[in-house]
Structure formats: structure tokens, C-alpha cells
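# Inside the fold
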Amino acid sequence: MSAPLPWYKQFWPWFLIVLPMCAVVASVTTLKIAMDNSDSLVAEDYYKQGKGINMDLKKIKHAKTIGMQYLVTVDDHQLVLSQQGGPEYGAALNVDFFHPTLEDKDFEVLATADAKGNYKIALQESISGPWEVRLESFDGKWRIQQRIEIQDDVEYWLN
């Protein structure tokens, strides 16, 4: 009769060790992916932001009441905003562009009007796709907010 092989030279102990080890490696990999790609759309102070929504709605209703409208023209690397309705407004505009999923693409600009009353915004790169656009008066009395699907050489109405 031959002597039995030591445990480390047999198949079954290694089979029983490898299965749980694969689960441990997969769980550590999943944890690393989750830590590196955190959700940037969740706000820490969601309650305060929720209370602020009512103030935002008042500004939006005021803009609709006075009839504020802007025409947005998108060219390759430039946005042009021109007022088309409401009382004449020549002060600076707070212009915010929010991408629905990619926070690092968001940008905001304090735009001033040229001699013709147009607000021109130079862009670093061409923007296309869905955007949440927010125009707000410099004094914060009114706000226009609208979601648009941006394409080059197209005009959009914000009202």
C-alpha cells in the first residue's frame, strides 16, 4: 500500500479554498469600484435644498408673469442669448448650464450684454445633448429654467 499524499498535493482542499477566495476578490473589487465612482447627484443638504425650491418657484412664476423670453442661438463655440419678451433688461445675467448626469460638465457664467443687447458666451468646447438651462437676473428677482436638447446651429426659446 502506498502512503497517502499530503493535503496540499490533493485536489479537494484547494478546490474548497479557491471558491471562497474568488468571492472575497470579487467583493473587494466591487467595493473599490463603488468607492471610486461615487454618485455625484446626491446632495448632502437635500432638506435645505428642498426648502429653497419654493423660493425658486416664486422667481420662475414672476418671470412668466412679466413675460420674460430669451432666444438662445448655439454656434460651434459660442452661445448668443437675446431677449425677445418682457420688460427691457440690460443688466448682467447669471447663466447656468447643468448636464443631467455629468457634474464635471456643468458651468456657470455671469454674462453682460453688448451694444445690441445680446449676451454672448464663449464656450471651451462644443456642447450638445440634454442640458438644464437657468437664466437669472443679476438682482435675483426672476428666473427662467428649462431643459433643452442642444445641437449646433439651432435656436431655442427659453420662457
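## Quick look at the pairing of strand E7 (residues 143–150)
Strand direction decides the pairing type here: strand E6 (residues 129–137) and E7, joined by eight bridges, are antiparallel. Bridge assignment links glutamate 132 to a residue of E7, and that residue is arginine 147. The turn joining E6 and E7, which pair antiparallel and follow one another in sequence, is formed by five residues; a positive phi near 80° is taken by glycine 140.

## Overview of the pattern of salt bridges
Charged atoms that come close allow side chains of opposite charge to pair. Per the counting criterion, the structure on display carries five salt bridges. Its salt-bridge partner being aspartate 114, residue lysine 120 comes within 3.9 Å of it at the nearest N-O pair. With a relative accessible area of 49%, lysine 120 lands in the partly exposed category. Classification of aspartate 114 as partly exposed rests on a relative accessible area of 31%. Across the pair arginine 143 and glutamate 136 runs a salt bridge, and its minimum N-O distance is 2.8 Å. The pair formed by arginine 143 and glutamate 136 is uniform in burial state, with each residue classed as buried.

## Description of the nonpolar core
By size, the foremost hydrophobic cluster in this structure holds 26 residues, and its most contacted members are Tyr70, Leu81 and Phe97. Non-local contacts of phenylalanine 97, meaning those with residues more than four positions away in its chain, are made with Leu79, Asp106, Phe107, Ile127, Trp131, Glu132, Val133 and Ile150.

## Describing the sheet that holds strand E5 (residues 118–122)
Each strand in a sheet pairs with its neighbour through backbone hydrogen bonds, running either in the same direction (parallel) or in the opposite one (antiparallel). The sheet built from four strands is open, its strands ordered E5-E2-E1-E8 with antiparallel pairing. Single-partner strands in this sheet number two, and they are E5 and strand E8 (154–158). Averaged over all adjacent pairs, the angle separating strand axes in this sheet is 20°, with direction ignored. Here seven bridges tie strand E1 (residues 69–75) to strand E2 (residues 78–85), and the two strands are oriented antiparallel to one another. Paired with tyrosine 70 across the bridge in E2 is glutamine 83.

## A short note on a negative patch on the surface
A cluster of like negative charges, contributed by Asp75, Asp76, Asp152 and Asp153, occupies part of the molecular surface. Its place among the elements puts aspartate 153 in the loop between E7 and E8. According to the relative accessible area criterion, aspartate 153 is exposed, its value standing at 58%.

## Digging into the packing of aromatic side chains
All chains considered together, the criterion is met by eleven aromatic pairs. An angle of 85° between the planes, with centres 5.5 Å apart, marks the rings of tryptophan 12 and phenylalanine 15 as edge-to-face. Taken as a pair, tryptophan 12 and phenylalanine 15 lie in helix H1 (residues 11–36) at a separation of three residues, close to a single helical turn. Owing to a relative accessible area of 55%, tryptophan 12 belongs among the exposed residues under this scheme. Between the aromatic rings of phenylalanine 97 and tryptophan 131, the centroid separation amounts to 6.1 Å while the plane-to-plane angle is 70°, which identifies the pairing as edge-to-face. Of the two residues, phenylalanine 97 is situated in strand E3 (residues 93–98) and tryptophan 131 in strand E6; the sequence distance between them amounts to 34 residues. Of the two residues, phenylalanine 97 and tryptophan 131, neither departs from the other in class, the shared state being buried.

Procedures and definitions
Residues numbered from 1 in each chain as written. Predicted model: local features only at pLDDT ≥ 70, side-chain atom pairs only at ≥ 80, totals over all residues. Heavy atoms only, no water. Pairing = 2+ DSSP bridges. Helix = DSSP H or I, 4+ residues; strand = E, 2+ residues; numbered from the N terminus. Salt bridge = Lys/Arg side-chain N within 4 Å of Asp/Glu carboxyl O. Buried < 20%, exposed > 50% of the residue type's maximum accessible area, 1.4 Å probe, protein only. Core = buried A, V, L, I, M, F, W, Y, C linked by side-chain atoms within 4.5 Å. Contact = heavy atoms within 4.5 Å. Axes fitted to C-alpha atoms, helices over the stretch in contact; angles between N-to-C directions. Patch = residues over 30% accessible without salt bridge, like charges linked within 9 Å, V, L, I, M, F, W, Y side chains within 5 Å. Areas by Shrake-Rupley, 256 points an atom, 1.4 Å probe, with all protein chains shown as cover. Lys, Arg positive; Asp, Glu negative; His and termini not counted. Charge placed at Lys NZ, Arg CZ, Asp CG, Glu CD. Phe/Tyr/Trp six-rings, centres within 6.5 Å; stacked < 30°, edge-to-face > 60°.

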